[in-house]
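Structural features, examined
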Amino acid sequence: MRIADYLPPAAERLKTERTFLTDGPYYGRASMAGQCVRQCVYSMLLAAGRIDVPEDGSRDDLTRSTAFLIGDAIHTWVQEAVRLYDPEATVEEAWSTDLLSGHADAVYTDEDGAKVVVEAKSMSASYFHSAMAGGKPRYDHLMQAGVSAYMLNASKVHVIYICKNAPRSISPTLEWVLEVPQFEVMMAIEALEYAAQSARDGVIPARLYQGHEIDLPGDEHTCCRWCPYTERCLMDGPGVHPLELVDDKWVVHA
Ligand code: SF4
């Protein structure tokens, strides 16, 4: 018997419970903010068991589960740190609307009295180095924090990156405290609402990213670099695709 054989289902269960148990899959979640609209819809339909998606062969279950559990531990660590700074801070503050839902890793009040939403991300050295070189948080991470900040009436976001395997020569943390970028956040909210409505209506939407339509998925589009649905997306092709419910699965309308 190998304990490792039992680890992936345990982590997957925890992830599913955290993500969907309370409100079901057909919500545009803040964690999807800044992604391509079609990617959000695939995630919702997959979580609902309504579509099949070719397996992402790049990482096996155990690798994904390990990364998730390490990330979870790092979030708890950051939340403890926030509460040391502000004992009144809240953690895992949830919010929802008819079409959207999400939670903030933590919410604290800064020395100027401003309400600040914390978004913590754990990452490998390669992603960490590119964020360091870019000098700013990734767009989707900023949008995730921004959408929660908007919903919780916070005026600032605090994005924290923690590198899981930083070399000794660099600090393993990067942090930015920023005003909420209102215009971009409103666009991200609109995109999430459109995605949630499309998933409920059984429609694969166009490949919409930051207000533009992508012709062909590829690494030149930032959103495609981390998307696990490229194969399915190529199969479905460009444009909008209404789906038909057959045996509890949404299939592309013939
Ligand atoms: S592959 Fe690119 S265009 Fe297709 S769903 Fe993923 S992010 Fe969107």
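Residues numbered from 1 in each chain as written. Predicted model: local features only at pLDDT ≥ 70, side-chain atom pairs only at ≥ 80, totals over all residues.

Re the sheet that holds strand β11 (residues 249-252)
A sheet is described by the order of its strands in space; here three strands give the open sequence β7-β10-β11, paired in antiparallel fashion. Since the sheet does not close on itself, it has two edges, and those belong to β7 (203-204) and β11, each with one partner. In terms of strand pairing, strand β10 (residues 241-246) meets β11 through four bridges, oriented antiparallel. When the sheet's bridge partners are listed, E244 is paired in β11 with V251. (Pairing = 2+ DSSP bridges. Helix = DSSP H or I, 4+ residues; strand = E, 2+ residues; numbered from the N terminus.)

Describing unusual backbone geometry
Of note in this structure, E92 is not a glycine but carries a positive phi near 50°. Along the polypeptide, E92 turns up in strand β2 (residues 90-96). With 13 C-beta atoms packed within 10 Å, E92 lands in the partly exposed category. Phi angles above zero are rare outside glycine, and N153 is one such case at about 55°. Along the chain, N153 falls in the loop between α5 (139-151) and β5 (156-163). The class for N153 is exposed, based on 10 C-beta atoms found within 10 Å. (Buried ≥ 20, exposed ≤ 12 C-beta atoms within 10 Å, placed from the backbone.)

As for the confidence of the model for the protein
Reading predicted coordinates in detail is not appropriate for stretches of low pLDDT. Per-residue pLDDT for the protein averages 88, and the proportion of residues at 70 or more is 90%. Mean pLDDT across the elements of the protein bottoms out in helix α1 (residues 7-21) (60) and peaks in β5 (97). (pLDDT = per-residue confidence, 0-100.)

Examining the packing of helix α2 (residues 37-47) against helix α6 (residues 182-201)
Taken N-terminus to C-terminus, the directions of α2 and α6 make an angle of 45°; their axes are 9 Å apart at the nearest point. As far as their axial angle goes, α6 and α2 are oblique. For the pair α2 and α6, the sense of crossing is right-handed. Where α2 approaches α6, its residues V37, C40, V41, M44 and L45 are matched on the opposing element by A191, L192, Y194, A195, S198 and A199. Looking at the contact of α2 with α6, its residues break down into 10 nonpolar, one polar and no charged. (Axes fitted to C-alpha atoms, helices over the stretch in contact; angles between N-to-C directions. Parallel < 35°, antiparallel > 145°, perpendicular 65-115°, else oblique. Left-handed = near helix turned anticlockwise from the far one by under 90°. Contact = placed C-beta atoms within 7 Å. Nonpolar A, V, L, I, M, F, W, Y, C, P; charged D, E, K, R; others polar.)

Some words on α2
The element α2 is extensively covered by neighbouring structure, given that nine of its 11 residues are classed as buried. Looking one or two places after α2, you find G49, whose phi comes out positive at around 70°.

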